[in-house]
Amino acid sequence: MSPQRWPEQGCVLLQLLLLVSFSQSEESLCRRRGEPEIPQLSKDGDIMLGGIFYFHSSWRNQQNPYTQKPPPLECISLNFREFQFAQAMLFAIEEINNSTELLPGVSLGYHIYDTCGSVVKSIKVTLALNNENDNMSSFSDESCTRPVRVQAIVGETSSSPSTATATVSGPFHIPLISHFATCACLSDKSKYPSFLRTVPSDYYQSRALAHLVKHFGWTWVGAVRTNDDYGNNGMATFTETAQQLGICLEYSVSFFRTDPTEKIQKIIDIIKASTSTVIVAFVPNLDMDVLMQELSLHNITGYQWVGSEGWISDSHVAAIDKNHILDGAIGLSIPQAKVNRLKEFMLDVKKLNSSNNNNLFTEFWEALFSCKFNQSQSEIQRECTGHEDLNGVENSFTDMSLMPIFNNVYKGVYAAAHALHNILRCNETCNTSVHLEPSTILQHIKNVRFKTKEGEDVYFNENGDPAAKYEIINWQPRKTGSVDFVSVGLYDASLPAGKQLILLNKAFIWTRSSKQVPLSVCSEKCPPGTRKVLQKGKPVCCHDCLRCAEGEMSNITDSITCVRCPTESWSNDRRDACVTKEIVFLSYEDIMGMLLTAAALFGTSLTAAVAFIFFRHRKTPLVRANNSELSFLLLFSLSMCFLCSLTFIGQPSEWSCVLRHTAFGITFVLCLSCVLGKTMVVLMAFRATLPGRNVMKLFGPTQQRLSVLGFTLIQVIICVLWLTISPPFPSQNFKEFKDKIILECSLGSAVGFWSVLGYIGLLAMLCFIFAFLARKLPDSFNEAKFITFSMLIFCAVWITFIPAYVSSPGKFSVAVEIFAILASSFGLLICIFIPKCYIVLVRPERNTKKNMMGKGVAKSY
């Protein structure tokens, strides 16, 4: 049965074994079933400790027809690493036995077993450590009630065997102290009450890996895990944390080192077809060896690997990476440690020689020195002498890169020793008469706290876990082809959130020896000015970037929404900020404003010049012929019309808004009143020439003045009512243009405005009608023709003004109104006064009283 199938089949086997064990306890006699398990390494002592390691990393598969007793497990693939762990345990025991301060006068012994990495074998050796298991006849009967064989067990290395071992030892309360089983599931004290460990839980490692991936901006990653408790539980926590941090997994695949090649080939195909360039590998070193072999066959390079502590600092994995697939890898490892004299002890391999299993020692020696005992003539290996020296030998056994794990074994043994020291109330001597109960030892180990000789503080929390600290390791290749494991940071779970990940100021080397952090995202980050829109049917890390609409903005990367700008603001071209809208009004600095101002001043100057000419020739017949008083009043009103147009230019204010419309309305009415008076004078003069008519007496100078005053007073009343009820006021127009604010004068009361214009239009129509009626008068009354022309121009201008004003946006509507004022004013000035100025200045011979009289009737120009 493979270890990865422990959850389904191993549990059934375990229940069967426990059932047999407890059912036998009901009898007065116990009968041991099956072959006894013999420890590979053992030594007697006053107090015995157990050790469970897998000196072989695999076993040979055998067909079981279930018709006969299965043969013993045939272990293969010697694992030097586990021999190192066993040596670390032996070193700690020897150091304690030689100490006069810890357990003085009490010797520790050990029974160490090889499980071959098999969960089934782990269960069997755990049961063997629980009970006396001497090599005896299978038919001997002994009492079932007996003390446990060992007081504590050191091991296992992997998580899945540890769950099985802890399940067996838990009911007996025998402490199980693991040095490298990191599965977070083992922190569940309801399931594994006797389990403790000197390595941090994967709960912290998985979260640390997720934060490390997030730190470098990798939001699109692949995941590979070993199909056991270590990989499955570790990757589950990583996946959960990654989702919280906005990291997406493109794929998550699992395998076990004993899987057929076809299954691993499928994983290779998935990696090849992926778009992510970062792979998080939550696998132990042995499984990584298998995966590396397949990756090397396909020469898959260029991926950034993120590793768990199971392989990231393993020199053997680096040694077999001949194609530099893992160059630049980054991951978490147990912090570096130093145990004085452990290396020298470990390299003294003869300490491993045990009378219990000479075959294991022989196999180990031959593999270590690449020699052969008692070789045949056909074999070409050199012969072992038994006196070989490790000087010059370089393999995984002589490599001390896993010293932090050796230190974990060392601390586990010392934790048990300190608990025993406290139970036996040791001072200068120990009270060996104290009866040792496994539950008592377990409780004391949970509460133990001590410092190693190197000063490291050792203790367990309520879950039996140590403090979680990791080094961040970066694989930096040398020119020689080897790899340096460079410490580039630290992760300390005891620090406040946000400060747990600490990266040192060191240069990183990434995949393909690059010094630039690789990019691994499903979609590029959305820059400011855009928003994220998820792609249908894909993870949240895959999105499109849509530009913010007009009037909206986003000023952060990867914004999910665009924010609408305030009313007085508008988004800039990049859509990453709101800028104040351009304030628009007809100013004197605008070219249009300058031209209109020049036209208004020119019109005022021209009017003043005409007034000057008329004043200088005020006694001439031409000027006196048609009420020179109305002429001067008309010229004054025309100059006011020209000047009032200037109030429409410039930034609107309260006074300018009130002034521009009222001044325009009153001055134009005054102007038209004068024109109307002159037109009526022409008509009355003609009617006066008819016999029996005395019309001029009814429309003399006084009546003319009163008519002008009356017509103007009506407009004044309209303006006063307008200003009283709802006067014009400055306002900001946000509707006309999206990106501009138009400063304009709001009419206040539209009725008032159109009443002013309507009254002006009414007077203009009267002027036009009277002038039209006088069009057939004799030539001596030709001023009526000029008034008709001026009124045609005036009406044409103001009729076209209405649609132009309504349809013109912003400041152009103001310009249209100014243009209408100036055009109509120039029309009146030119049509009425320029012909007379022509006669006065150019044809003075026509400016005589004789010329003004025709058939006794005064001529009018």
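Every chain is numbered on its own, with residues counted from 1 as its sequence reads. Side-chain atom pairs in this predicted model are given and counted only at pLDDT of 80 or more, local residue features only at pLDDT of at least 70, and totals for whole chains, interfaces and linings cover all residues. Excluded from the side-chain calculations are hydrogens and water; all other atoms, namely the structure's heavy atoms, are used.

A. Representation of the overall build of the chain within the structure. Helix and strand assignments come from DSSP, with helices taken as H or I runs of at least 4 residues and strands as E runs of at least 2, each series counted from the N terminus. The secondary structure content of the chain amounts to 22 helices and 31 strands. A total of 861 residues make up the chain; the buried ones form 52% of that total. Considering only contacts within the chain whose residues lie at least 6 apart along the sequence, 69% involve residues at least 24 apart. If you sum the accessible surface of the chain, you get close to 40,000 Å²; carbon and sulfur atoms cover 56% of it. Partly exposed describes any residue whose relative accessible area lies between the buried limit of under 20% and the exposed limit of over 50%, with all areas from a 1.4 Å probe on protein chains only and scaled to the type maximum. Residues count as neighbours in contact if any of their non-hydrogen atoms are within 4.5 Å of one another. We get accessible surface area from the Shrake-Rupley algorithm with a probe of 1.4 Å; when it comes to residues, only the shown protein chains can shield them.

B. Expanded view of the sheet that holds strand S11 (residues 278-282). On the basis of which strands lie adjacent, the open sheet formed by 8 strands has the order S10-S9-S11-S12-S13-S18-S19-S20 and mixed pairing. Looking along the sheet, the strands with just one partner apiece sit at the ends: strand S10 (248-255) and strand S20 (501-503). Strand-to-strand twist of the sheet, defined as the mean angle between neighbouring strand axes without regard to direction, takes the value 25°. As paired strands, strand S12 (residues 304-307) and strand S13 (residues 330-333) are joined by 2 bridges and run parallel to one another. Bridge assignment links Gly307 to a residue of S13, and that residue is Gly331. Every angle, taken between N-to-C directions, lies between 0 and 180 degrees, and every axis is a line fitted to C-alpha atoms, over only the stretch in contact when it is a helix. Across the sheet, helix H6 (residues 229-244) is in contact with strand S9 (220-226), S10 and S11; its angle to S9 comes to roughly 160°. Contacting S10 and S11, helix H7 (residues 261-273) runs over the sheet at an angle of about 165° to S10. Here the rule is simple: two strands pair whenever DSSP picks up at least two bridges between them.

C. Seen up close, the state of the cysteines. Disulfide assignment relies on a single distance test, namely cysteine sulfur atoms paired within 2.5 Å. The final tally for this structure, using the stated rule, is 10 disulfides. The disulfide partner of Cys548 is Cys562, and the S-S distance across this bridge is 2.0 Å. Between Cys548 and Cys562, the S-S dihedral sits near -75°, and the bridge is therefore left-handed. A residue pair is termed long-range when its members are at least 10 positions apart, and Cys548 in the loop between strand S22 (543-547) and strand S23 (552-553) and Cys562 in the loop between S23 and strand S24 (563-564) qualify at 14 residues. The residues Cys548 and Cys562 share a single accessibility class, namely buried. The side chain of Cys657 participates in a disulfide bridge whose partner is Cys745; the two sulfur atoms lie 1.9 Å from each other. In this structure the cystine formed by Cys657 and Cys745 twists about its S-S bond by roughly -80°; its chirality is therefore left-handed. With a gap of 88 residues between them, Cys657 in helix H17 (residues 654-688) and Cys745 in strand S29 (residues 740-746) connect regions that are remote in the sequence. Between Cys644, a free cysteine, and Cys641, which holds the nearest cysteine sulfur, the sulfur-to-sulfur gap is 5.5 Å. Assessed through its relative accessible area of 4%, Cys644 is described here as buried. Cys767 forms no disulfide, and the closest cysteine sulfur to it belongs to Cys671, at a distance of 8.5 Å.

D. Structural view of the pattern of salt bridges. We define a salt bridge as a contact between a side-chain nitrogen of Lys or Arg and a carboxyl oxygen of Asp or Glu at a distance within 4 Å. Scanning the model with the defined rule gives 17 salt bridges in all. Measuring nitrogen to oxygen at the nearest pair gives 3.2 Å for the salt bridge that ties Arg60 to Glu74. Here Arg60, found in the loop between strand S3 (56-59) and strand S4 (75-78), pairs with Glu74, found in the loop between S3 and S4; they are 14 residues apart in sequence, far enough to count as distant. We classify Glu74 as partly exposed; its relative accessible area is 33%. Where Arg81 meets Asp399, a salt bridge forms, and the shortest distance between an N and an O atom there is 3.1 Å. Remark: Asp399 occurs in the loop between strand S15 (382-383) and helix H12 (403-423) and Arg81 occurs in helix H2 (residues 80-97); sequence separation between them is 318 residues. For the pair Arg81 and Asp399, a shared accessibility class is recorded, and that class is buried. One salt-bridge network, held together by shared partners, links Arg81, Asp314 and Asp399.

E. Spotlight on the sheet that holds strand S1 (residues 41-43). Strand order in this open sheet of 6 strands is S1-S5-S2-S6-S7-S8, and the pairing throughout is mixed. Both outer strands of the open sheet, S1 and strand S8 (195-197), are each paired with one neighbouring strand and no more. Neighbour to neighbour, the strand axes of the sheet diverge by 25° on average, direction disregarded. Across 3 bridges, the pairing between S1 and strand S5 (residues 108-114) is antiparallel. The residue bridging Ser42 from the neighbouring strand is His111, located in S5. Its contacts with the sheet place H2 against S1, strand S2 (47-53), S5 and strand S6 (152-154), and it is angled at close to 170° to S5.

F. Focus on a nonpolar patch on the surface. Only residues whose relative accessible area exceeds 30% and that form no salt bridge enter a patch; like-charged residues are grouped when within 9 Å of one another, and nonpolar side chains (Val, Leu, Ile, Met, Phe, Trp, Tyr) when within 5 Å. The grouping of Leu490, Leu495, Ile502 and Leu504 at the surface amounts to a nonpolar patch, some 270 Å² of accessible area in total. Structurally, Leu504 is set in the loop between S20 and strand S21 (530-534).

G. Here's a closer look at the nonpolar core. Among the buried residues, those of types Ala, Val, Leu, Ile, Met, Phe, Trp, Tyr and Cys that are joined through side-chain atoms within 4.5 Å form a nonpolar core. Counting residues in each nonpolar core, the largest one holds 101 residues, and the members touching the most others are Met89 and Leu103. No other element matches the 13 residues that H12 contributes to this core. Every residue in contact with Met89, bar those within four places of it in the chain, is listed here: Leu49, Gly50, Gly51, Phe53, Tyr110, Ile112, Val154, Val409 and Val413.

H. Layout of H12. A helix's residues, less one, multiplied by 1.5 Å, set its expected span. For H12, built from 21 residues, the straight-helix expectation of 30 Å at 1.5 Å per residue is met to within 8% by its first-to-last C-alpha distance of 30 Å. In terms of residue burial, H12 counts as a mostly covered element, since 19 of its 21 residues are buried. With its phi angle positive at about 50°, Arg425 sits one or two positions after the end of H12.

I. Focus on H7. When the terminal C-alpha atoms of H7 are compared, their 18 Å separation across 13 residues agrees well with the 18 Å that a helix rising 1.5 Å per residue should span. Regarding H7, the residues found buried are Ile264, Ile267, Ile268 and Ile271. Along the axis of H7, the buried residues cluster in a sector spanning 100°; they form a single face. In H7, those exposed residues whose orientation departs by more than 90 degrees from the buried face are Glu262, Lys266 and Ala273. Against S10, S11 and helix H8 (285-297) lie the buried residues of H7. Taking the helix axis as origin, the arc is that swept by the directions to the C-beta atoms.

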